[in-house]
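Spelled out, the chains give:
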Amino acid sequence: MSTVDLAPQELRTVVAVAEEGGISAAAARLGATQSAVSHALRGIERKLGVVLFERGRYGARPTAAGERAAAHARRILRMMDALVVETRGSGQGAGEQVSGPLRIAAFRGAALHLLPSVLGRLTARHPGIEASVTVVREVGPGTAGEVAAGKADIGITITGTGSPIPPHLVGDVLFEEPYALVHPAGHPDPRSLPLVDWLENCSSYTRQWWSAQDWIPTATVRAEDDGAVLSMVGSGLGMAIMPALSLTGAPATTEITDLGPERPTRRIGYVTTPQLAATAAVRALIRELRARHPRPGE
């Protein structure tokens with residue numbers, strides 16, 4: 001198979017067209033003319049021997065090949081950035097000089113209740129790190145999908161759900177947390193209340209335990225996220241079964257009851273690419289995450 005050489009600017013062109021959804025918008029983003037971007041895109045497609053975008057009145061929509069090309073392009077460009085940052089930092093004295101961007105994808109509970117303290121310690125230790133967090137629903141591709149698409153360097157994910165980690169990614173479990181019953185404070189019989197649930201929760205709880213509990217009704221109230229669930233429970237609209245992270249800062253109008261030794265749990269972990277796992281910024285974040293939730297014996 002012949003080697004195809006694509007210049008960094010060609011990779012940026014693929015990413016810009018994919019993300020902007022059109023040639024003219026991509027040209028504005030790249031500071032180029034529309035004709036120049038169109039010409040460059042045709043050249044890239046000739047080199048690859050495949051159509052990357054379907055053009056039309058609606059703009060330019062990536063084909064399946066275009067989606068894959070954009071994901072690869074994002075990852076390659078990110079590694080080129082890491083090459084520059086880490087090569088320059090390696091000659092600046094003792095210790096690992098960690099700087100540059102760090103793109104994190106996280107589900108809502110992790111973004112609200114896990115990452116703030118972790119990022120506070122990380123940036124205090126490494127002021128040169130420029131962290132950004134994108135909140136992604138852990139449904140479908142979830143945070144792992146953001147990493148696979150090259151849109152995030154690392155994803156904080158709920159492991160063991162119905163959405164397996166793509167095989168070309170790597171990751172590990174950070175900690176395991178229990179579920180508990182949350183209900184209006186002072187209610188005499190909280191298990192008699194309607195169940196309030198949210199879609200993201202359905203992919204994470206232990207289904208075997210859930211189905212074995214004859215006191216748990218089918219959800220009669222659906223909320224957008226765990227924050228809305230807590231608000232509804234606090235307003236007396238029902239009870240919910242929620243993981244510890246989601247119960248952080250639960251309102252005073254709610255009460256949390258332990259579900260006993262057989263309670264379900266969920267695992268929180270991270271995913272990244274093998275290449276980004278070797279970068280200083282990703283390694284530094286993983287160290288801070290593990291410091292917050294050390295494993296037994298650590």
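On a predicted model such as this, the values are computed, not experimentally measured, just so you know. Sequence order as written defines residue numbering, which begins from 1 separately in each chain. Confidence filtering applies because this is a predicted model: local features only for residues at pLDDT of at least 70, side-chain atom pairs given and counted only at 80 or more, and all residues used for totals across whole chains, interfaces and linings. With hydrogens and water set aside, each side-chain value is computed from the structure's full complement of heavy atoms.

A. The overall build of the chain, seen in detail. Runs of H or I in DSSP of at least four residues are treated as helices and runs of E of at least two as strands, each being numbered from the N terminus. Of regular secondary structure, the chain possesses 11 helices and 11 strands. Once the C-alpha set of the chain is aligned to its principal axes, its extents read approximately 70 × 55 × 35 Å. Relative accessibility thresholds used throughout: buried, under 20% of the residue-type maximum; exposed, over 50%; partly exposed, between the two (1.4 Å probe, protein chains only). Out of the 298 residues in the chain, the part that is buried amounts to 45%. Only the protein chains shown count as cover for residues, and the accessible areas themselves come from Shrake-Rupley with a 1.4 Å probe. Summed over its atoms, the accessible surface of the chain is roughly 14,800 Å², and 54% of this surface lies on carbon and sulfur atoms. Charged side chains in the chain number 30 positive and 29 negative. The centres of these two groups are separated by 7 Å. Only four residue types enter the tally: Lys and Arg on the positive side, Asp and Glu on the negative side; His and the chain ends are excluded. All charge positions are set by atom: Lys at NZ, Arg at CZ, Asp at CG, Glu at CD.

B. Spatial organisation of the packing of aromatic side chains. Working definition: a ring pair exists when centres of Phe, Tyr or Trp rings (six-membered ring for Trp) sit within 6.5 Å. Plane angles under 30 degrees give stacked, over 60 give edge-to-face, the rest tilted. In the structure shown here, the tally under the stated rule is zero aromatic pairs. Should the NZ of a Lys or the CZ of an Arg lie within 6 Å of a ring centre and within 35 degrees of the ring normal, that charge is described as sitting over the ring. One residue, R61, lies across the ring of Y58, its end atom 4.1 Å from the ring centre.

C. View of a nonpolar patch on the surface. Together, V4, L48 and V50 give the surface a local cluster of nonpolar side chains, amounting to about 200 Å² of exposed area. You can see L48 is positioned in helix α3 (residues 34–48). Of the residues examined, L48 reaches a relative accessible area of 36% and is grouped as partly exposed. What makes a patch is a set of residues exposed beyond 30% relative accessible area and free of salt bridges, joined within 9 Å when like-charged and within 5 Å when nonpolar (Val, Leu, Ile, Met, Phe, Trp, Tyr). For salt bridges, the criterion is a side-chain nitrogen of Lys or Arg within 4 Å of an Asp or Glu carboxyl oxygen.

D. Quick peek at helix α6 (residues 115–125). Considered for burial, the residues of α6 that qualify are L115, V118, L119 and L122. An end-on view of α6 places all buried positions within 95° of arc, on one side of the element. Contact criterion: two residues are considered in contact whenever any of their non-hydrogen atoms come within 4.5 Å of each other. Those residues of α6 that are buried lie in contact with β3 (99–106), α5 (108–113), β4 (128–135), β5 (154–159) and α11 (280–292). The reported arc concerns the directions from the helix axis to the C-beta atoms and nothing else.

E. Up close: the environment of M232. Following the sequence through the fold, M232 ends up in helix α10 (residues 226–234). A relative accessible area of 23% places M232 in the partly exposed class. For the pair M232 and Q208, spaced 24 residues apart in the sequence, the C-alpha separation amounts to 26 Å. If near-sequence neighbours (up to four positions away) are discounted, M232 is found in contact with V196, V221, R222, A223, L237 and G238.

F. How the structure looks around the pattern of salt bridges. Inspection of the entire model under this criterion finds 17 salt bridges. Among the salt bridges present, the one from R55 reaches E45, with a minimum N-O distance of 2.9 Å. Of the two residues, R55 sits in strand β1 (residues 53–56) while E45 sits in helix α3, which places them 10 residues apart along the sequence. The exposure class of E45 is buried, given its relative accessible area of 12%.

G. Quick peek at the nonpolar core. Judged by nonpolar contacts, the single largest core of 29 residues is most densely connected at L102, I104, L114, I156, L285 and L289. Listed by contribution, the elements that provide at least two residues to this core are β3, α5, α6, β5, β6 (170–184), β11 (265–272) and α11. Beyond its immediate stretch of four places on either side in the chain, L289 contacts L114, L115, V118, I156 and L174. Of all hydrophobic cores here, the second largest spans 15 residues; its members include L41, A65, A69 and A70. Only buried residues count toward a nonpolar core, which is a set of Ala, Val, Leu, Ile, Met, Phe, Trp, Tyr and Cys residues joined through side-chain atoms within 4.5 Å.

H. Looking closely at the packing of helix α2 (residues 23–30) against α3. Running from N to C, α2 and α3 cross one another at 105°; their axes reach a closest spacing of 8 Å. Classified by the angle between their axes, α2 and α3 sit roughly perpendicular to one another. In this structure, α2 contributes I23, S24, A27 and L30 to the contact, and α3 contributes Q34, V37, S38 and L41. Across the contact of α2 with α3, the residue classes tally to five nonpolar, three polar and no charged. Angles here are taken between N-to-C directions and fall from 0 to 180 degrees, while the axes themselves are lines fitted to C-alpha atoms, restricted in helices to the stretch in contact. What sets the label is the angle itself: under 35 degrees gives roughly parallel, over 145 gives roughly antiparallel, 65 to 115 gives roughly perpendicular, and the rest give oblique. Gly falls in the polar group here, along with every residue not listed as nonpolar (Ala, Val, Leu, Ile, Met, Phe, Trp, Tyr, Cys, Pro) or charged (Asp, Glu, Lys, Arg).

I. Structural context of the environment of V37. Mapped onto the fold, V37 is located in helix α3. It is 12 Å that separates the C-alpha atoms of V37 and V15, two residues lying 22 residues apart in sequence.

J. Structural view of α2. For α2, the set of buried residues is I23, A26 and A27. Down the axis, α2 shows its buried residues gathered within 105° of arc, on one side only. If you follow the buried residues of α2, they end up packed against α1 (8–20) and α3. Following α2 by one or two positions, G31 has its phi on the positive side, about 70°.

K. Layout of the confidence of the model for the chain. Within the chain, residue pLDDT values average 89, and 91% of them lie at 70 or more. Per residue, pLDDT captures the predictor's confidence, and it can take any value from 0 to 100. No element of the chain has a lower mean pLDDT than helix α8 (residues 199–202), which averages 74, and none a higher one than α1, which averages 96.

L. Inspection of the pairing of β11 at higher detail. Burial within β11 is extensive, with six of its eight residues counted as buried. Here β5 runs beside β11; their pairing, made up of six bridges, is antiparallel. Bridging from a neighbouring strand, I154 pairs with T272 of β11. Strand pairing is assigned whenever DSSP detects at least two bridges linking the two strands.

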